[in-house]
Amino acid sequence: MSHKRLDIDYPCAMNMQRLADNIRHWALELGFQDVGIADTDLTLASERLQTWLNAGHHADMDWMHQHGDKRTHPAQLEPGTLRVISARMDYLPAGRDPQDVLNDPAKAYISRYALGRDYHKLMRKRLARLAERIREAVADSELARAFVDSAPVMEKPLAEKAGLGWQGKHTLLINRQAGSWFFIGEIYTDLALPTDSSGSAHCGSCTTCMQVCPTDAIVAPYQLDARKCISWFTIENRGAIPESLRAAMGNRIFGCDDCQIFCPWNRYAQITGEDDFQPRHDLDNADLLTLFCWSEDEFLERTAGSAIRRTGYQGWLRNLAVAIGNGPATAAARDVLERRLPGASDLVAEHIRWALEQLSARADSAR
Ligand code: B12
């Protein structure tokens with residue numbers, strides 16, 4: 001099937017290369033830092049996904065196995081898919097140094113990706129415009145569908161195949177020039193574009209991420225057990241935070257970045273210029289007690305359009321109660337916990353009681 005465009009007759013190889021070059025150019029114009037093209041063969045990633053699921057490392061994220069083969073066979077998700085165009089968007093915002101916040105037990109640590117506006121919105125909008133340009137370029141290309149963490153897609157293995165970086169031992173994609181502080185999005189297309197080659201891996205013998213993980217969730221190189229990952233139990237988890245892991249959670253109240261903060265490759269990370277990703281409501285330097293006193297309306301108003309909404313108000317209070325329990329044993333801390341206890345849900349109440357016990361124990365041992 002030949003693709004007609006007004007001035008260039010695709011699909012001959014030369015013109016497909018020109019289109020691929022145009023796509024790269026358009027993507028950079030749209031604010032992506034890198035883009036690459038891969039075929040749809042995910043055989044190895046599929047086996048590794050199954051190993052991860054069989055180990056129960058997906059916790060209660062059943063959506064990771066509920067779509068049959070659609071996740072590992074792009075053409076089953078979008079019939080006609082021949083190639084996947086993966087794009088990288090850096091998100092490290094300006095703001096208070098993450099290590100400083102982590103080391104300040106009275107402050108709330110919110111992972112960098114969630115300090116600004118929800119990335120799904122911005123990336124989906126930009127990818128949709130890129131998909132539109134591709135459709136305009138090739139009159140009868142029927143398929144250019146954009147995804148950002150919004151469908152059964154193996155984003156990291158596809159981006160690795162497309163040359164955007166390698167999967168580190170913490171399982172995140174790392175780029176040699178940019179580190180790992182970036183989001184990935186992709187476009188499924190029916191155009192037989194030339195593919196990029198995947199780069200080489202550069203973790204070598206380094207295991208810093210595994211050593212610094214507060215909850216030992218990276219159970220082996222490239223093996224993350226989500227049940228032990230602070231990111232899972234502060235964001236996705238709707239139940240109680242595992243009691244054995246509460247102390248290790250420290251002041252991390254939404255997601256976790258430790259495996260990235262201490263990764264040597266992130267010394268090359270660039271601060272993003274995207275306004276959407278800049279911290280809102282001083283969330284890069286907020287007091288735990290102040291956030292815990294937010295009413296539900298204030299929470300909803302201040303997290304409108306933010307990824308933080310994903311944990312919900314009950315998850316927010318649950319996470320904060322634990323962090324306050326790990327924080328300074330002050331009268332003020334006891335006071336905000338005790339004032340919220342009477343009206344709290346069973347879930348939040350249990351975590352408040354746990355926190356009060358921690359504060360008493362520490363106050364007693366300090367005497
Ligand atoms: C489920 C999920 C989670 C879960 C589980 C994490 C996980 N590793 O699976 C939880 C909630 C814990 C999570 C946390 C985070 N997530 Co998340 N998450 C996803 C999601 C939806 C699916 C990931 C997936 O496919 N997991 C399945 C397992 C099997 O894959 P895997 O762990 O990567 O394992 C692979 C490797 O280990 C590899 N492998 C296995 N053995 C070997 C051996 C060798 C030698 C090699 C090389 C590889 C290898 O094969 C496995 C299969 O590919 C993706 C979006 C998407 N649709 O892809 C975002 C995504 C991965 N998350 C993202 C982010 C930003 C995060 C957080 C940083 C957020 C935060 N600050 O809290 C943390 C980081 C935690 C971590 N170290 O991974 C970004 C990562 C961007 C990047 N630079 O890589 C993504 C791509 C979303 C996006 N669109 O940008 N996440």
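Residues numbered from 1 in each chain as written. Predicted model: local features only at pLDDT ≥ 70, side-chain atom pairs only at ≥ 80, totals over all residues. Heavy atoms only, no water.

Focus: the site of the ligand
Next up, step 1: The full set close to the ligand counts 36 residues, and Glu 155, Lys 156, Leu 173, Tyr 222 and Ser 231 are the nearest of them.
Next up, step 2: Here an oxygen atom of the ligand sits 2.7 Å away from a polar atom, N or O, in the main chain of Leu 173.
Next up, step 3: Listing elements by their share of the shell around the ligand, those giving two or more residues are helix 2 (43-54), helix 6 (155-161), strand 7 (182-189), strand 9 (223-224), helix 8 (230-236) and helix 10 (258-261).
Next up, step 4: Top contributing element to the shell around the ligand by residue count: helix 2, with four residues.
Next up, step 5: Classifying every residue of the shell around the ligand by side-chain character gives 21 nonpolar, nine polar and six charged.
Next up, step 6: In terms of domain composition, the shell around the ligand takes at least three residues from each of domain 1 (13-96 + 111-189) and domain 2 (208-263 + 280-362). (Near = heavy atom within 4 Å. Polar contact = N/O pair within 3.5 Å; in protein donor to acceptor, adjacent residues only side chain to side chain. Helix = DSSP H or I, 4+ residues; strand = E, 2+ residues; numbered from the N terminus. Nonpolar A, V, L, I, M, F, W, Y, C, P; charged D, E, K, R; others polar. Domains from an automatic or database assignment.)

Some remarks on the domain arrangement of the protein chain
Next up, step 1: Taken domain by domain, the protein chain consists of domain 1 (13-96 + 111-189) and domain 2 (208-263 + 280-362).
Next up, step 2: Here the C-alpha centroids of domain 1 and domain 2 sit 29 Å apart.
Next up, step 3: Each partner contributes residues to the interface: domain 1 has 30 residues there, and domain 2 has 31 residues.
Next up, step 4: Broken down residue by residue, the surface that domain 1 buries against domain 2 is led by His 57, Lys 169 and His 170, which jointly contribute 23%.
Next up, step 5: Here domain 1 and domain 2 share zero salt bridges between them.
Next up, step 6: Where domain 1 packs against domain 2, one counts 14 residue pairs in polar contact (both at pLDDT 80 or more). (Contact = heavy atoms within 4.5 Å. Buried area = accessible area lost by both parts, 1.4 Å probe. Salt bridge = Lys/Arg side-chain N within 4 Å of Asp/Glu carboxyl O.)

A look at the side chain of Asn 266
Next up, step 1: With respect to the secondary-structure elements, Asn 266 resides in the loop between helix 10 and helix 11 (288-292).
Next up, step 2: Exposure remark for Asn 266: the relative accessible area of 11% places this residue in the buried category.
Next up, step 3: Side-chain polar atoms of Asn 266 contact the backbone nitrogen of Ser 180, separated by 2.7 Å.
Next up, step 4: Not counting the four nearest positions on each side in its chain, Asn 266 is found in contact with Ala 178, Gly 179, Ser 180, Trp 181 and Gln 260. (Buried < 20%, exposed > 50% of the residue type's maximum accessible area, 1.4 Å probe, protein only.)

A look at the pattern of salt bridges
Side chains carrying opposite charge are able to pair once their charged atoms draw close together.
Next up, step 1: Considering all chains together, one arrives at 18 salt bridges under this definition.
Next up, step 2: A salt bridge links Asp 39 to Lys 161; its shortest N-O distance comes to 2.9 Å. Here Lys 161 lies in helix 6 and Asp 39 lies in the loop between strand 1 (34-38) and helix 2, a separation of 122 residues in the sequence.
Next up, step 3: The exposure class of Asp 39 is partly exposed, given its relative accessible area of 31%.
Next up, step 4: What makes Lys 161 partly exposed here is its relative accessible area of 25%.
Next up, step 5: Asp 225 is the salt-bridge partner of Arg 227, the closest N and O atoms lying 2.9 Å from each other.
Next up, step 6: Connected through salt bridges with shared partners, the residues Arg 24, Asp 34 and Asp 196 form a single ionic network.

So, the environment of Ala 144
Next up, step 1: Take Ala 144: it is sitting in strand 4 (residues 144-147).
Next up, step 2: By relative accessible area, which is 9% here, Ala 144 ends up buried.
Next up, step 3: Not counting residues up to four positions away in its chain, the partners in contact with Ala 144 are Ala 131, Arg 135, Ile 187 and Tyr 188.

So, the packing of helix 13 (residues 312-325) against helix 15 (residues 346-366)
When two helices pack together, you describe them by how their axes are tilted relative to each other and by the distance separating the axes.
Next up, step 1: Packing of helix 13 against helix 15 brings their axes to within 8 Å, and their N-to-C directions diverge by 10°. By the angle between their directions, the pair helix 13 and helix 15 is classed as roughly parallel. Contact residues: helix 13 offers Gln 314, Leu 317, Arg 318, Ala 321, Val 322, Ile 324 and Gly 325, while helix 15 offers Leu 347, Val 348, His 351, Ile 352, Trp 354, Ala 355, Gln 358, Leu 359 and Arg 362.
Next up, step 2: The residue inventory of the contact of helix 13 with helix 15, partitioned by class, reads ten nonpolar, four polar and two charged. (Axes fitted to C-alpha atoms, helices over the stretch in contact; angles between N-to-C directions. Parallel < 35°, antiparallel > 145°, perpendicular 65-115°, else oblique.)

Topic: the sheet that holds strand 4
Next up, step 1: Read from one edge to the other, the open sheet built from four strands follows the order 1-2-7-4, with strand pairing classed as antiparallel. Edge positions in the sheet fall to strand 1 and strand 4, since each has one partner strand and no second. With strand direction ignored, the average angle separating the axes of adjacent strands in the sheet is 20°.
Next up, step 2: Relative to strand 7, strand 2 (residues 83-90) runs antiparallel, the two sharing eight bridges. Bridge pairing links Met 89 to Phe 183 in strand 7. (Pairing = 2+ DSSP bridges.)

What about the state of the cysteines?
Next up, step 1: For the structure shown, the criterion picks out zero disulfides.
Next up, step 2: Of the cysteine sulfurs around Cys 256, a residue in no disulfide, the closest is that of Cys 259, at 6.4 Å. (Disulfide = S-S within 2.5 Å.)

A closer look at the side chain of Arg 112
Next up, step 1: With respect to the helices and strands, Arg 112 occurs in the loop between strand 3 (109-110) and helix 5 (119-137).
Next up, step 2: Although Arg 112 lies buried, it forms no salt bridge, and the closest oppositely charged side chain, Asp 257, sits 4.1 Å away as judged by the N-O distance.
Next up, step 3: A distance of 3.0 Å separates a polar side-chain atom of Arg 112 from the backbone oxygen of Ile 110. (Lys, Arg positive; Asp, Glu negative; His and termini not counted.)

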